[in-house]
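# What the coordinates show
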There are 2 protein chains.
Amino acid sequence: MIRTGFTGAGLDRADHLRLDEAALAELAGREGAAMLRLDGHDPLVDDEGALVWDALAALEAEAERIFLGLAEERPLFAPVPRVEIGRPAWGVFPILSLMSAQDAAIWGAARSLIEWHNRHLFCGRCGAPTRVYRAGWGRHCTGCGLDHFPRVDPVVIMLAEHDGHVLVGRQPQYPPGRYSALAGFLEPGESIEEAVARELKEEAGVDVTGVRYVASQPWPFPGQLMIACIGSAASADIVLDTNELQDAIWVDRAGVAAALAGAPDAPFAAPPPFAIARTLLQAWVDARVDGAADGLAPPPGAA
Amino acid sequence: MIRTGFTGAGLDRADHLRLDEAALAELAGREGAAMLRLDGHDPLVDDEGALVWDALAALEAEAERIFLGLAEERPLFAPVPRVEIGRPAWGVFPILSLMSAQDAAIWGAARSLIEWHNRHLFCGRCGAPTRVYRAGWGRHCTGCGLDHFPRVDPVVIMLAEHDGHVLVGRQPQYPPGRYSALAGFLEPGESIEEAVARELKEEAGVDVTGVRYVASQPWPFPGQLMIACIGSAASADIVLDTNELQDAIWVDRAGVAAALAGAPDAPFAAPPPFAIARTLLQAWVDARVDGAADGLAPPPGAA
């Protein structure tokens, strides 16, 4: 299995305890129970780059909180502050680069949930206020009684492959030189494979067949499931949707390898290590298979 | 690629037209433009089992509607009736079994969107009413201005494999004799592979490694993305979560093949053809690979 960013939290989420108020009270009172210290929903780290945890007693009894899970026997919680929703990801990239994979995964889950709470303070069916329930893994409508559950938005992110090259694109807001895999939200009524084909067609005019799954990761800005795939393109022709992309280029294996290595003469600047676009590019380079019509062999350990 | 239920709608969703009011008006006025006839959000079919379409003029000018896409050059729309949300799937299974795969996919997308609209009549951030926008692929808050987009809930559905057997489970509400792949909602902060491992552990006490993606499909009850996987179990021991499952059993290849064939002496009754659980069981049978520790070879055409 390919290791991806924001995975490997290593917590026992203990779903069976979420509705058990007595068990949750015992956990909150346990020696070592800890609350994640945050700046809004941004992470705070100590001198070693580790997340900062406070004793749980510091929390007001009535405040909303999330039971993240058990780290061995240690119960971990996060607060639910009121935050500005929809903030872009870039601001926390420098601090993320300092954090361990495990800490990034724990914080990522908390960030997704906090943003989700802030987007669901009222019931979408009736408009009445909601209150936290299920230990922070749900909200309950105080009006009509509807239960609301955390939202995860599946996003397909993919390479089209043609004649030993893959397609990477550039959005206007990217840092200078950055190109990445194309991506888009999967819509109701689509399979992963259909969404991959639709997005490549919409954004770059590229038709693909034989879509293969490679890897997945959660993306906490604010709560996507990134699903990385590769498809085979019949042609290298590009018809760019300039509302979505500033540019799209085909890059061969040596070019992608140079980008991943950060070589000064690389044809583009690669995405950061915690982004699955980079994992996907690395998997394609490692597979060392040219773009045959019947496609990429599964990367080592991926299938 | 494995063909799954509720896929193959074959429509051009024409995303670039959704915010183009002039283009939408032209489409709605086009000869052949059609509105899906529904019973609430259930499908209606004619004597041949085909969906029923009405001329678009029958629609009130102010009614909410969804632009589903173009079938060749024919614009297809669906209404947004007020419906009871959260109704179980079983009621429409008989009619679904009459429908073509394409019609099931077109209706499925419409059903998911209709239910989503009914769950998002008010803004989750501020509680104000929302109105339809983006040609039915969004709602806009009349209070704070927040845009809301259709929700798709990723669900992992999986077989654990051990020593030539796979694990299937039974929920209390299933029809008599029915067993199926275990499944559960993917949560914020998880990869697909992590969710598969967590759900098998929670529901059946089974530890898996080497999780492999097999196929995906949309599931319109009300709007899931079903992600089918197989993982390798180190042991056949089962610890059942009786809140989730009534029973779970290991079945060998001959037993699964008998179930898929509907044999009277099969060890269980298989799920229906449009459910990806059946696709997954069929892929495992077709692969004809025993449960080696390094796992199932990709089914023909799947990888």
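Residues numbered from 1 in each chain as written. Chains lettered and ligands numbered in written order. Predicted model: local features only at pLDDT ≥ 70, side-chain atom pairs only at ≥ 80, totals over all residues.

### Some thoughts on the interface of chain A and chain B
Contacts between chain A and chain B engage 50 residues on the former and 50 residues on the latter. Broken down by secondary-structure element, the contributors of at least two residues to the side of chain A that touches chain B are helix 3 (101-119), strand 10 (153-162), helix 4 (192-204) and strand 13 (208-219) of chain A. Tallied by class, the residues present in the side of chain A that touches chain B amount to 24 nonpolar, 13 polar and 13 charged. (Contact = placed C-beta atoms within 7 Å. Helix = DSSP H or I, 4+ residues; strand = E, 2+ residues; numbered from the N terminus. Nonpolar A, V, L, I, M, F, W, Y, C, P; charged D, E, K, R; others polar.)

### Side note on the packing of helix 5 (residues 253-261) of chain B against helix 6 (residues 276-287) of chain B
Residue and element names in this part refer to chain B. Packing of helix 5 against helix 6 brings their axes to within 10 Å, and their N-to-C directions diverge by 130°. By the angle between their directions, the pair helix 5 and helix 6 is classed as oblique. Helix 5 and helix 6 meet at a crossing whose hand is left-handed. Here Arg-253, Val-256, Ala-257 and Leu-260 of helix 5 lie close against helix 6, whose contacting residues are Leu-281, Gln-282, Trp-284 and Val-285. Looking at the contact of helix 5 with helix 6, its residues break down into six nonpolar, one polar and one charged. (Axes fitted to C-alpha atoms, helices over the stretch in contact; angles between N-to-C directions. Parallel < 35°, antiparallel > 145°, perpendicular 65-115°, else oblique. Left-handed = near helix turned anticlockwise from the far one by under 90°.)

### Let's talk about the nonpolar core
Membership of the largest hydrophobic core comes to 156 residues, with the highest contact counts inside it found for Ile157(A), Met158(A), Leu280(A), Ile157(B), Met158(B) and Leu280(B). Beyond its immediate sequence surroundings of up to four residues, Ile157(A) is in contact with Ala181(A), Ala183(A), Met226(A), Ile227(A), Ala228(A), Ile276(A), Ala277(A) and Leu280(A). Membership of the second largest hydrophobic core comes to six residues, among which are Cys141(A), Phe122(B), Cys123(B) and Cys141(B). (Core = buried A, V, L, I, M, F, W, Y, C linked by C-beta atoms within 7 Å. Buried ≥ 20, exposed ≤ 12 C-beta atoms within 10 Å, placed from the backbone.)

### Comments concerning the sheet that holds strand 8 (residues 138-141) of chain A
Residues and elements named next belong to chain A. The antiparallel open sheet is built from three strands, whose spatial order is 7-8-9. Both edges of this open sheet fall to strand 7 (130-133) and strand 9 (147-148), since each of them pairs with a single strand only. Note: strand 8 against strand 9, two bridges, orientation antiparallel. The residue bridging His-140 from the neighbouring strand is Asp-147, located in strand 9. (Pairing = 2+ DSSP bridges.)

### Let's talk about the pairing of strand 11 (residues 165-170) of chain A
All names here are of chain A. With five of six residues buried, strand 11 is to be regarded as a mostly interior element. Both strand 10 and strand 11 contribute to a ladder of two bridges, which runs antiparallel. Residue pairing for strand 11: His-162 is matched across the bridge by His-165. Counted between consecutive antiparallel strands, the loop separating strand 10 from strand 11 contains two residues, among which Asp-163 sits at a positive phi close to 55°. In this sheet, strand 15 (residues 247-252) lies alongside strand 11 in antiparallel orientation, the contact comprising six bridges.

### Quick word on the domain arrangement of chain A
Residue and element names in this part refer to chain A. Under the domain assignment used here, chain A contains domain 1 (15-113) and domain 2 (153-287). The C-alpha-based centres of domain 1 and domain 2 are spaced at 32 Å. Contact with domain 1, which involves nine residues of that partner, is made by seven residues of domain 2. Put simply, the parts of the chain that give the side of domain 1 that touches domain 2 at least two residues each are helix 2 (93-96) and helix 3. With four residues, the top contributor of residues to the side of domain 1 that touches domain 2 is helix 3. (Domains from an automatic or database assignment.)

### Description of helix 4 (residues 192-204) of chain B
All names here are of chain B. The end-to-end C-alpha separation of helix 4 is 18 Å, in line with the 18 Å expected for 13 residues at 1.5 Å each. Burial runs high along helix 4: 11 of the 13 residues are buried. When helix 4 is considered as a whole, its buried residues turn out to be Ile-192, Glu-193, Glu-194, Ala-195, Val-196, Ala-197, Glu-199, Leu-200, Glu-202, Glu-203 and Ala-204. Positive phi shows up at Gly-205, right after helix 4, with a value of about 70°. (Expected span 1.5 Å × (residues − 1).)

### Quick word on the relation of the copies chain A and chain B
Here two copies of a chain appear, and what relates them is a rotation about an axis with a shift along it. For these two chains of identical sequence, chain A goes onto chain B by a turn of 180° and a shift of 0.0 Å along the axis, with RMSD 0.0 Å. Considering both components of the superposition, the chain copies are consistent with a two-fold axis. Across chain A, the rotation axis passes nearest the C-alpha of Gly127(A), at a separation of 2.4 Å. A symmetric contact is evident, with 100% of the interface residues of chain A recurring at the interface of chain B. (Least-squares fit on C-alpha atoms with pLDDT ≥ 70 in both.)

### Some details on the sheet that holds strand 7 (residues 130-133) of chain B
Reading across the sheet, the three strands line up as 7-8-9 (chain B) and stay open at both edges, with antiparallel pairing between neighbours. Every interior strand has two partners, whereas the edge strands, strand 7 and strand 9 (147-148) of chain B, have only one.

### So, the pairing of strand 6 (residues 74-79) of chain B
All names here are of chain B. When you tally the buried positions in strand 6, you get five out of six residues, the bulk of the element. Relative to strand 6, strand 1 (residues 34-36) runs parallel, the two sharing two bridges. Across the sheet, residue Met-35 finds its bridge partner in strand 6, namely Phe-77. Both strand 5 (residues 65-71) and strand 6 contribute to a ladder of six bridges, which runs antiparallel. For Phe-67, the partnering residue across the bridge sits in strand 6 and is Phe-77.

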